[in-house]
Amino acid sequence: MKLHEAVARRILDYCNERDLTPNKLCTMSGVIQSTVNSIFSGRSKNPKIGTINDLCTGLNITLAEFFDCKYFIDLED
């Protein structure tokens with residue numbers, strides 16, 4: 001799995017766990033919808049850590065919690 005795929009998958013996991021739509025997460029985090037759409041579609045190949053941090057703030061989690069996942073082990077180059 002590539003990094004951008006792991007990030008998108010992790011965001012979707014949190015949305016599903018918390019019964020949130022991506023749009024609601026955008027509202028909660030202050031990240032614009034087009035940015036999240038770019039992450040989900042794969043157009044954003046290298047999401048900024050600041051964006052991920054903002055999403056984590058909206059989810060009320062830390063960056064460490066976000067990245068503490070099997071998705072981020074053995075990523076493809």
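Each chain has its residues counted from 1, following the order in which its sequence is written. Owing to the predicted nature of the model, reporting of local features is limited to residues with pLDDT of at least 70; listing and counting of side-chain atom pairs is limited to 80 or more, with chain, interface and lining totals taken over all residues. As a rule here, side-chain values cover all heavy atoms of the structure and leave hydrogens and water aside.

Here a pair means two rings of Phe, Tyr or Trp (six-membered ring of Trp) with centres within 6.5 Å. Their orientation is stacked below 30 degrees between planes, edge-to-face above 60, and tilted elsewhere. In this structure the tally under the stated criterion is four aromatic pairs. With centroids separated by 5.1 Å and ring planes inclined at 85 degrees, the aromatic side chains of Phe-66 and Phe-67 adopt a geometry described as edge-to-face. Of the residues examined, Phe-66 reaches a relative accessible area of 1% and is grouped as buried. For Phe-67, a relative accessible area of 29% corresponds to the partly exposed category. Taken together, Tyr-14, Phe-66, Phe-67 and Phe-72 form an aromatic cluster joined through their ring pairs. Under the scheme applied here, a residue whose accessible area is under 20% of the maximum for its type counts as buried, over 50% as exposed, and between as partly exposed, the area being computed with a 1.4 Å probe on protein chains only.

Now for the packing of helix α2 (residues 22-29) against helix α4 (residues 49-59). It is at 8 Å that the axes of α2 and α4 come closest, and there the two elements cross at 95 degrees. The angle between α2 and α4 places the two elements in the roughly perpendicular class. On α4, the residues that touch Leu-25, Met-28 and Ser-29 of α2 are Asp-54, Leu-55, Gly-58 and Leu-59. Note that Gly is not counted as nonpolar here; it falls among the polar residues with everything else outside the nonpolar set of Ala, Val, Leu, Ile, Met, Phe, Trp, Tyr, Cys and Pro and the charged set of Asp, Glu, Lys and Arg. Residues of the contact of α2 with α4, tallied by class, amount to four nonpolar, two polar and one charged. Axis angles are defined between N-to-C directions and span 0 to 180 degrees, where every axis is a line fitted to C-alpha atoms and, for a helix, only to the segment in contact. Secondary structure counts use DSSP, requiring at least four H or I residues in a row for a helix and at least two E residues in a row for a strand, with both numbered from the N terminus. The scheme is simple: roughly parallel for angles under 35 degrees, roughly antiparallel for over 145, roughly perpendicular for 65 to 115, oblique for anything else. Only heavy atoms matter for contacts: two residues are in contact if any of them lie within 4.5 Å across the pair.

Here we come to helix α1 (residues 3-17). Every helix has an expected span of 1.5 Å times one less than the residues it contains. Taking 1.5 Å per residue as the helical rise, α1 with its 15 residues ought to reach 21 Å, and the 21 Å between its terminal C-alpha atoms agrees with that figure. Among all positions in α1, only His-4, Ala-6, Val-7, Ala-8, Arg-10, Ile-11, Tyr-14 and Cys-15 are buried. Those residues of α1 that are buried are in contact with α2, α3 (33-41), α4 and α5 (63-67). Remark: Asp-19 follows α1 within two positions and exhibits a positive phi of approximately 55 degrees.

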